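# Chains, contacts and geometry: an overview
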Amino acid sequence: GLSCETDDSYTLRCLLPATPGCEGAPGVILQAHTDMVCVSAPGGGWRPGVDGVTTKLEGGFLRSDGRSSLGADNGLGAALMLWLALHPQHPHPPVLLLFTACEERGLVGAKALNPQWLEGFRYYINLDAFRGDAAIIASAGGLRQAWRHPIRREKTDQKCTFDLTLSGLTGGHSGFDIHRGRLNALSALADFLTRCPGQVASCSGGSDFNAIPTLARAQITTDRPEELGQAVDQWRQQLVRGHQTTDPDLTVTLEAGPRAQAVWNQDTRREVLAFLQALPQGVLEWRTDCPDTPARSGNPAVVREQDGQLEVLHFARCARRSGLASTEEQTTKAAQANGFTRTLRSSYAPWEGTGDSDLVKRIQALSLQQNGAGLDTLALHVGLESSLILDKAPDLVGVGLGCDILDAHSVTERAKLDSISRLAR
């Protein structure tokens, strides 16, 4: 029964009129995005875009049944806004509920948002933070890129073909979890393929820009299967030693497969693997104002073959515009040197906010009053729609709030139940 409208990008706005006596109070915008990153467990039978997410409560957490990611990012923010609409808790000023679309695909809804939709409001609260104990006052900018390289093949007379799979990695969000030292399956596999005995017939892995790859595969041909097996065993031992804490379920398998008739030629193998190794991976710089927060990072996200081309996706994040520019320069040089053509470029600027606003101070006071503890003020190494929305309405005062979400964009994604209730209060 409320007044709603949508735009061509499927963003929806809904106005909660002020309660009696609060009509003149400064208006507040609450905002969350409605899409999720769909990650499925290998062999689990879950079909992204077809099957719903099955949730359960376990050990104080809300989580999926293990077959898929949960979608707490940012389903919990959207759920909270719907809950407020259905159950007004307190007297309130005019509140705009803003449900944006396609955030995970490059903040598409926020980019297309009409600035007029934001007029008449004073405060803006983004509900996409992953920390229930913090007020978010800044976020990183992002650069998504995709490249293609022609796959040139040659016939092979090598008699043995093997499927090499690296799986079981912890993965996670390429912004929130990039500093945790978790193995990137694509980078690890590319490193091995540069020195493995045998020829490469195919290579693939990863699921999405925002997810640290947990699975990568290659098809290898050889006339020296024993030598290949020994190299794979040594590689497996090296990975386990280096990542037994971060990736305890890491698995490397080498299985005989149908004989491949053709493999990548020498130039294709050299150029593809050199490019994958040149892509920025992991934390590259740290913030000086928040020593535990990355300032610049890279995530080689997806490798896949399509129509005789190898496509590579990469996501870079940076707290400063200059960092995005230097990363783009680095990847452009690597692409040009190795025969790759860029087919996609999408970027957004960082949000460089302040913790000294009246909104942050008010939220700090409310947290102390309700929970007996204040909130940390944090800058995040992820892209929030705040950077775009606040650019469209410079007079808005913004902050980010959220729940405790762990391992987002993975099948172990979970949210702490008590952090949900704290945010709702």
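Residues numbered from 1 in each chain as written. Predicted model: local features only at pLDDT ≥ 70, side-chain atom pairs only at ≥ 80, totals over all residues. Heavy atoms only, no water.

### Concerning the side chain of S167
For S167, the location among the structural elements is in strand β11 (residues 160-167). Its relative accessible area of 18% is what places S167 among the buried residues. Residue contacts for S167: discarding those within four places in its chain leaves T214, L215, D249, L250 and T251. (Helix = DSSP H or I, 4+ residues; strand = E, 2+ residues; numbered from the N terminus. Buried < 20%, exposed > 50% of the residue type's maximum accessible area, 1.4 Å probe, protein only. Contact = heavy atoms within 4.5 Å.)

### Considering empty space enclosed by the protein
Applying the stated rule across the entire model yields two cavities of 30 Å³ or more. In terms of lining residues, the largest cavity is bounded by 18 residues, among which E103, E104, H173, V382 and G383 are the most central. Volume-wise, the second largest cavity comes out at about 30 Å³. If you trace the second largest cavity, you find it lined by A72, N74, L76, G77, L127, D128, A129, C403 and I405. Of all the secondary-structure elements, those providing two or more residues to the lining of the second largest cavity are α1 (72-86) and β7 (123-129). Counting residues per element, the lining of the second largest cavity draws most heavily on α1, at four residues. Considered class by class, the residues forming the lining of the second largest cavity number six nonpolar, two polar and one charged. (1 Å grid on protein atoms, 1.4 Å probe; cavity = no way out; pocket = protein on both sides within 12 Å on 5 of 7 lines; lining within 4 Å. Points joined across faces, edges and corners; volume = space filled by probe spheres on them. Nonpolar A, V, L, I, M, F, W, Y, C, P; charged D, E, K, R; others polar.)

### Side note on the pattern of salt bridges
Side-chain pairs of opposite charge can arise where the charged atoms are in close proximity. Under the counting rule described, the total for this entry stands at 29 salt bridges. Ionic pairing is found between D376 and R131, a salt bridge with its closest N-O pair at 4.0 Å. You can see D376 sitting in strand β21 (residues 376-380) and its partner R131 sitting in the loop between β7 and β8 (134-139), a full 245 residues away along the chain. Taking the relative accessible area as the measure of exposure, R131 reaches 30% and is therefore partly exposed. (Salt bridge = Lys/Arg side-chain N within 4 Å of Asp/Glu carboxyl O.)

### Considerations on helix α4 (residues 225-243)
With 19 residues, α4 should reach 27 Å at 1.5 Å per residue; the first-to-last C-alpha distance of 27 Å fits that figure. Turning to α4, its buried residues number three or more, namely L228, A231, V232, W235, L239 and H243. Along the axis of α4, the buried residues cluster in a sector spanning 100 degrees; they form a single face. Exposed positions of α4 whose direction lies more than 90 degrees from the buried face are E226, Q230, Q234 and R241. Looking at the packing, one finds that the buried side of α4 touches β11, α3 (185-193), β13 (216-222) and β14 (251-256). (Expected span 1.5 Å × (residues − 1). Arc of directions from axis to C-beta.)

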